[in-house]
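Report on the structure
Here are the chains, one letter per residue:
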Amino acid sequence: MGYTAIFGGTFNPFHNGHYEMLKALECDDSISEIFVMPDRIPPHKVCDYMPSDSDRIEMCKLIVSEFSKAKLCLIEFEREGKSYSYDTVLELQKKYPDKDFVFVCGGDMFVYFPKWYRYEELMELLPFYVFTRVSTEKTEFFECVKQFGDMGMRIILNNAVIPNISSTDFRNSKNASLIPQKVYDYIKEKAIYGVR
């Protein structure tokens, strides 16, 4: 039995970079299932605009339906306070003791890992499945791979080419080409982000 990938994010909205990561996870034989996990209150971000929880969840559902390994995981909506990865992983491991979890991380977030809440304890809990994003400076990224590896982090690297896109890019531009079509259609239908 393969890993259960924890694929978390604010998904504000779900963009093509997220989509390509999901495709790469779906194609990896070492991954048996993918928990797509929107966070309730992102601990590291101050967002210019956040849709309702139900709209973010619905946008994730639209994407999850396209992938056979993907399941929507709303564990972070079941508790109060900020969505710290450390707390979530402990909760998932307690709830699903038979699953072998791996934590999915984009290269841009990976280099900031020492700023995460209880990061040294988090890296002991499970391996990290890391994408090398185009936007991440390669020297800095591989220095971090060595540094965190020396600290005991178990790292699985995926070199799939992930587009250099952020949710902020879409919120600022309203450019439909940055996000999956069905997500854009939902946004337009609901007039989210001022898209009409």
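My aim in this report is to walk through the structure given alongside it, one point at a time. Keep in mind that this is a model prediction, so the values were computed, not measured.

The rules we used
Residues numbered from 1 in each chain as written. Predicted model: local features only at pLDDT ≥ 70, side-chain atom pairs only at ≥ 80, totals over all residues. Heavy atoms only, no water. Helix = DSSP H or I, 4+ residues; strand = E, 2+ residues; numbered from the N terminus. Rg over C-alpha atoms; globule rule 2.2 N^0.38 Å. Buried < 20%, exposed > 50% of the residue type's maximum accessible area, 1.4 Å probe, protein only. Contact = heavy atoms within 4.5 Å. Phe/Tyr/Trp six-rings, centres within 6.5 Å; stacked < 30°, edge-to-face > 60°. Core = buried A, V, L, I, M, F, W, Y, C linked by side-chain atoms within 4.5 Å. Expected span 1.5 Å × (residues − 1). Pairing = 2+ DSSP bridges. Axes fitted to C-alpha atoms, helices over the stretch in contact; angles between N-to-C directions. Salt bridge = Lys/Arg side-chain N within 4 Å of Asp/Glu carboxyl O. Polar contact = N/O pair within 3.5 Å; in protein donor to acceptor, adjacent residues only side chain to side chain.

1. Things to note about the overall build of the protein chain
Counting its secondary structure elements, the protein chain contains 8 helices and 6 strands. Seen in sequence order, the protein chain has helices and strands lined up from the N terminus as β-α-β-α-β-α-β-α-α-β-α-β-α-α. The C-alpha radius of gyration of the protein chain comes to 16 Å, within 12% of the 16 Å expected for a compact globule of 196 residues. Each of the three principal axes of the protein chain carries a C-alpha extent, and together these read 50 × 40 × 35 Å. With 196 residues in all, the protein chain has 50% of them scored as buried. Partitioning the intrachain contacts of the protein chain with sequence separation of at least 6 by distance along the chain shows that 76% fall at a separation of at least 24.

2. Quick word on the packing of aromatic side chains
The tally for this structure, following the rule as stated, stands at 22 aromatic pairs. For the ring pair Tyr19 and Phe67, a centre distance of 5.2 Å and an interplane angle of 65 degrees mean the geometry is edge-to-face. Taken together, the residues Tyr19 in helix H1 (residues 16-27) and Phe67 in the loop between helix H2 (53-64) and strand S3 (70-72) connect sequence positions 48 residues apart. Tyr19 gets classed as buried once you look at its relative accessible area, which sits at 18%. Residue Phe67 is classed as buried on the basis of its relative accessible area of 8%. Within the aromatic cluster, the residues linked to one another by ring pairs are Phe103, Phe110, Phe113, Trp116, Tyr119, Phe128, Phe141, Phe142 and Phe148.

3. Quick look at the nonpolar core
Side chains of a nonpolar character, in soluble globular proteins, are inclined to be buried together. Ranked by internal contacts, the top residues of the largest apolar core, which has 34 residues, are Phe7, Phe14, Leu25, Val36 and Ile187. Elements with a minimum of two residues in this core: strand S1 (3-9), H1, strand S2 (31-38), H2, strand S4 (101-106), strand S5 (128-131) and helix H8 (181-190). Apart from residues lying up to four places away in sequence, Phe7 is in contact with Phe14, His18, Met21, Leu22, Leu25, Ile34, Phe35, Val36, Met37 and Val104. One finds Phe35, Tyr119, Phe128 and Phe141 within the second-largest nonpolar core, a separate group that totals 26 residues.

4. Description of H1
The end-to-end C-alpha distance of H1 is 16 Å, a good match for the 16 Å that 12 residues give at a rise of 1.5 Å each. Of all 12 residues in H1, 9 are buried, a share of seventy percent or more. Of all the residues in H1, the buried ones are Asn16, Gly17, His18, Tyr19, Met21, Leu22, Ala24, Leu25 and Glu26.

5. Points about the sheet that holds S2
Spatially, 6 strands are ordered S3-S2-S1-S4-S5-S6 in an open sheet, and the strand pairing comes out parallel. Since the sheet does not close on itself, it has two edges, and those belong to S3 and strand S6 (155-158), each with one partner. Strand after strand, the sheet turns through a mean of 30 degrees between neighbouring axes, direction not considered. Relative to S4, S1 runs parallel, the two sharing 3 bridges. Residue Thr4 lies in a different strand from S4, and its bridge partner there is Phe101. Of the strands in this sheet, S2 and S3 touch H2, which is tilted by about 160 degrees from S3. Where helix H6 (residues 138-150) meets the sheet, its contacts fall on S5 and S6, and the angle it forms with S6 comes to roughly 160 degrees.

6. A few points about the pattern of salt bridges
Taken as a whole, this structure holds 10 salt bridges when the rule is applied. The residue Glu66 makes a salt bridge to Lys182 at a minimum N-O spacing of 3.1 Å. Here Glu66 is found in the loop between H2 and S3, whereas its partner Lys182 is found in helix H8, with 116 residues between them in sequence.

7. Things to note about the environment of Met21
Structurally, the position occupied by Met21 is in helix H1. Along the backbone, Met21 and Gly149 are 128 residues apart, and their C-alpha atoms lie at a distance of 22 Å.

8. So, the side chain of Ser83
The residue Ser83 is located in the loop between S3 and helix H3 (85-95) in this model. Using a relative accessible area of 5% as the deciding quantity, one classes Ser83 as buried. Looking at Ser83, its side chain comes within polar contact range of the main-chain nitrogen of Arg40, at 3.1 Å. At 3.3 Å, the side chain of Ser83 forms a polar contact with the side chain of Glu76.

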